[in-house]
Amino acid sequence: MAKKESSFINMVLTLFVVTAVAALALGAVYNATKEPIAIAKRLKIEKAIGEVLPEFDKIEEFKTLPEGGKDSLTFYNAFKNGEPVGTAVRTYTDNGFSGRFWIMVGFTDGDVISGTSVLEHKETPGLGDKMKTIWADQFKGKNLTTYKLKVKKDGGDVDAITAATISSRAFCDATQRAYNEIKKEEGQ
Amino acid sequence: MNQLQNFTKGFIKDNPVFVLLLGMCPTLAVTSTAINGLGMGLATTFVLVMSNIVVSLIKNLIPDKVRIPSFIVIIASFVTIVELTMQAYVPDLFDSLGIFIPLIVVNCIVLGRAEAFASKNNVVSSMIDGLGMGLGFAFALTLLGTVRELFGSGSIFGMKFIPGDAILVFVLSPGAFITLGYLIALLNRLKKA
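As the structure is a prediction and not an experimental result, all values here were calculated from the model.

A few points about the overall build of chain B
Line of reasoning, step 1. Counting its regular elements, chain B contains 8 helices and 2 strands.
Line of reasoning, step 2. Moving toward the C terminus, one meets the helices and strands of chain B in the order α-α-α-α-α-α-α-β-β-α.
Line of reasoning, step 3. Taking the principal axes of its C-alpha atoms as reference, chain B extends roughly 60 × 45 × 25 Å.
Line of reasoning, step 4. Contacts in chain B between residues at least 24 apart in sequence constitute 75% of all its contacts with a sequence separation of at least 6.

Digging into helix 1 (residues 8-52) of chain A
Line of reasoning, step 1. Relative to the 66 Å expected for 45 residues at 1.5 Å per residue, helix 1 of chain A spans 62 Å between its end C-alpha atoms, a close match to the ideal helical length.
Line of reasoning, step 2. Where helix 1 of chain A bends most, the angle comes to about 40°, and this point is Thr 33 of chain A, followed within four residues by the proline Pro 36 of chain A.
Line of reasoning, step 3. The complete set of buried residues in helix 1 of chain A reads Met 11, Thr 14, Val 18, Ala 48, Ile 49 and Val 52 of chain A.
Line of reasoning, step 4. Where helix 1 of chain A is buried, its residues contact strand 1 (58-64), strand 2 (73-80), strand 3 (83-96), strand 4 (99-108) and strand 5 (112-120) of chain A together with helix 4 (67-89) of chain B.

Some points on the interface of chain B and chain A
Line of reasoning, step 1. Counting residues at the interface gives 26 residues for chain B, matched by 25 residues for chain A.
Line of reasoning, step 2. Put simply, the parts of the chain that give the side of chain B that touches chain A at least two residues each are helix 4 and helix 5 (91-97) of chain B.
Line of reasoning, step 3. Broken down by element, the side of chain B that touches chain A gets its largest block of residues, 12 residues, from helix 4 of chain B.

A word on the confidence of the model for chain A
Line of reasoning, step 1. Model confidence for chain A is summarised by a mean pLDDT of 85, while 96% of its residues fall at 70 or above.
Line of reasoning, step 2. Considering each helix and strand of chain A separately, the mean pLDDT is smallest for strand 1 of chain A, with a value of 79, and largest for helix 1 of chain A, with 90.

Notes on the sheet that holds strand 5 of chain A
The pairing of strands in a sheet happens through backbone hydrogen bonds and is either parallel or antiparallel.
All names here are of chain A.
Line of reasoning, step 1. Taking strand neighbours across the sheet as the criterion, the 5 strands line up as 1-2-3-4-5 in an open arrangement whose pairing is antiparallel. What marks the edges here is a single partner per strand, and that holds for strand 1 and strand 5. On average, adjacent strands in this sheet sit at an angle of 25° to one another, irrespective of strand direction.
Line of reasoning, step 2. Two strands pair when backbone bridges link them, and strand 3 and strand 4 are joined in this way by 8 bridges, in the antiparallel orientation. Bridge assignment links Thr 93 to a residue of strand 4, and that residue is Phe 101.
Line of reasoning, step 3. Packing of helix 1 onto the sheet brings it into contact with strand 1, strand 2, strand 3, strand 4 and strand 5, and relative to strand 5 it is tilted by some 150°.
Line of reasoning, step 4. Those strands touched by helix 2 (residues 165-187) are strand 1, strand 2, strand 3, strand 4 and strand 5, and its axis lies near 135° from that of strand 3.

Cut-offs and rules
Here the residue index of a chain counts from 1 through its sequence in written order. Lettering of chains starts at A and numbering of ligands starts at 1, both following the order in which they are written. The predicted origin of the model limits local features to residues at a pLDDT of at least 70 and limits the giving and counting of side-chain atom pairs to 80 or more, whereas totals for whole chains, interfaces and linings rest on all residues. Here a helix means four or more residues in a row that DSSP labels H or I, a strand means two or more in a row labelled E, and each is numbered from the N terminus. Residues are defined as contacting one another if the C-beta atoms placed from their backbone atoms lie within 7 Å. The length a helix should cover is 1.5 Å for every residue beyond the first. Note that the bend at a residue is defined as the angle between axes fitted to the seven residues ending at it and the seven residues starting at it. Here the C-beta atoms are placed from the backbone, and a residue counts as buried if at least 20 other C-beta atoms lie within 10 Å of its own, exposed if 12 or fewer do, and partly exposed otherwise. Residue-level confidence of the predictor, termed pLDDT, takes values from 0 up to 100. Between any two strands, pairing holds if DSSP finds at least two bridges. In this description, a line fitted to the C-alpha atoms serves as the axis of each element, helices being fitted only across the stretch in contact, and the angle between N-to-C directions of two axes falls anywhere from 0 to 180 degrees.

Following this line, the structure appears as structure tokens:
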């Protein structure tokens, strides 16, 4: 078969057909993967909540927009047999070494951190991403009414990650943001 | 050229990473661990094979002047399919590859093979070419990732066997250049022997 001539009508028709077929195919794939993607995201959030809170059997979810923040925080109030066991907050900071990252922080009794878990981040592998390791365990069980959520260099109580002070500061910032919002919600 | 040569050329003789030095952006950026390299390589292989097949199927229906835009649309569609599928079924790998999955679109190997090979050859040869080139790319990325992970984190495919920290520079970007340089030198030496 001879190659098609590059006439105006041929080119327009070809591009139209190519894009139309591509759009149809993508629409089909999008529909087929919509459900699994939602499930995968849900599972990830649920796994993170499980990591930061004690055992629970029911979750209530709501969102708030923090003061001066660019995105909303999501609160997950956890209950066991109808009794509240704590709150997990999906929070973020814009001060990371490579921009915004998201973490999940769990609070019990309003002031005590029960655990943290990193959700999404772009911090340097080997340096900033050590916040995913046992480093974050130092926050466990700390009561924020007395614990100063700042790295030691800034006069706080947090041991920063070696060579990743910026990531450590950002981590504190995200946790602090979650705590501030919790206090605000309690005040209402 | 027979089909076997057509397939194997992507591994050593015309390896996209070590010989052609194409697709450096994902090569250097995602290979901090072996599994990332493998994942990226396989995703690219899929896109390469599919786009090569489609391009060689419709090569006579596309007027010359609009062939590049048509190829790009075809490639971009397959990349989006890969992206959505990975997001749905391997979310962890998708998270660690992040922005580099959509960037397969601009990977010169993919458009390069479509333009230089698939638009001039039949479907079977194009498919084999795509498979060979893609697996060659995957092989190179996995090798790079394995070396960097071994020296940088003391593990291979996530299995740790050197406790504590290793040579951090291998995980960072300079380590990617250093490792790539040594691997190319090694390969050139082996080819001469």
